[in-house]
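As a plain string of letters, each chain reads:
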Amino acid sequence: MSYELVIFDNDGVLVDSEPLSNRVLAEYLTELGYPTTVEDSYRDFMGSAAHRIHDLIAERYDGAKLPDGFDELFHARVFAAFAEELTAVRGADTLLKELRQRSVPYCLASSAHHTWIRTALDLTGLRGHLAEERIFSAQDVGIGKPAPDLFLHAARTLGADPARCLVLEDSVNGVLAARAAGMDVYGYTALTDPAKLLAAGATGLIADLAEVPALLG
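In this text the structure is predicted, and so the values were computed from the model without any measurement.

Observations regarding the pattern of salt bridges
This structure, assessed with the given rule, holds 14 salt bridges. A salt bridge links Asp-44 to Arg-43, with the nearest nitrogen and oxygen atoms 2.9 Å apart. Residues Arg-102 and Glu-98 are paired through a salt bridge, measuring 3.3 Å at the closest nitrogen-oxygen approach. In this structure, a network of salt bridges that share partners links the residues Asp-40, Arg-43, Asp-44 and Arg-60.

Written out as structure tokens, the structure reads:
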């Protein structure tokens, strides 16, 4: 198929942020009295919007509420870790350059907040590949993945037919969102069990971003 738009998730697909953010989240929740391992964090929160953390704690701990300022302090801790350790996913810079050279339209659509997205892109040197009007956050639609709203908003804004969009995702929630939006989606298997991505409806799998150009014909 000739795609009208390639849509990238950010965390785990363009920037190698998932190990850092999930480590920080697990440590913070445990500190607050909600024992959480890094593996728990991957399972429960990867690919989800920030409100998922609050919702799940309330669900599991009889309506418990995280403290005021939780999101701000969590982000501050993550950004401190980013400043020390964050890198781009291998091949991300090369792939984005190739797409620009081939005039293939692309954008980013992430469940993370706009500040989080831009901080990660700046620290990894990828910001120059993404014009402001091609960066989309769940903040724009009020709901994150697995709802399809974010992907549909990105396609609508950029004038692309959802049926002719290709999404690159590394989480089950992201795959579910793309399929609900009627888009093709390839699961990136660096951190997620390939079987889970396929079970969620992934059109196919990639193990390396260098495989993406072949998907575009």
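There's more to say after this.
Some remarks on helix H6 (residues 114–124)
The complete set of buried residues in H6 reads Trp-116, Ile-117, Arg-118, Ala-120, Leu-121 and Thr-124. At its buried positions, H6 is contacted by helix H1 (18–31), helix H4 (70–85), strand S2 (106–110) and strand S3 (135–137). Once H6 finishes, Gly-125 follows within two positions and takes phi at roughly 80 degrees, a positive value.

A few points about the packing of aromatic side chains
Within this structure, the stated rule accounts for 8 aromatic pairs. Measuring from ring centre to ring centre gives 6.1 Å for Phe-70 and Phe-74, while their planes differ by 20 degrees; the resulting arrangement is stacked. Pair noted here: Phe-70 and Phe-74 are both in helix H4, with a separation of 4 residues, about one helical turn. In this structure, Phe-70 and Phe-74 share a single accessibility class: buried. Relative to Phe-82, the ring of Phe-79 lies with its centre 6.2 Å away and its plane at 40 degrees, an arrangement referred to as tilted. A residue pair is termed a helical-turn pair when its members lie 3 or 4 positions apart in one helix, as Phe-79 and Phe-82 do in helix H4 at 3 residues. This pair shows no difference in class: Phe-79 is buried, exactly as Phe-82 is. Among the aromatic side chains, those forming a connected cluster through ring pairs are Tyr-28, Phe-70, Phe-74, Phe-79, Phe-82 and Trp-116.

Focus on the pairing of strand S5 (residues 184–188)
Burial analysis of S5 places 5 of its 5 residues in the buried class, which makes it a mostly covered element. Residue alternation in S5 divides its side chains into two sets, Asp-184, Tyr-186 and Tyr-188 and Val-185 and Gly-187, and both sets are buried. Relative to S5, strand S4 (residues 165–169) runs parallel, the two sharing 4 bridges. Residue pairing for S5: Leu-166 is matched across the bridge by Asp-184. Of the pairings in the sheet, the one linking S5 to strand S6 (residues 204–206) comprises 3 bridges and is parallel in character. Bridge pairing in S6 links Tyr-188 to Ile-206.

Rules and cut-offs
- Residues numbered from 1 in each chain as written.
- Predicted model: local features only at pLDDT ≥ 70, side-chain atom pairs only at ≥ 80, totals over all residues.
- Heavy atoms only, no water.
- Salt bridge = Lys/Arg side-chain N within 4 Å of Asp/Glu carboxyl O.
- Buried < 20%, exposed > 50% of the residue type's maximum accessible area, 1.4 Å probe, protein only.
- Helix = DSSP H or I, 4+ residues; strand = E, 2+ residues; numbered from the N terminus.
- Contact = heavy atoms within 4.5 Å.
- Phe/Tyr/Trp six-rings, centres within 6.5 Å; stacked < 30°, edge-to-face > 60°.
- Pairing = 2+ DSSP bridges.

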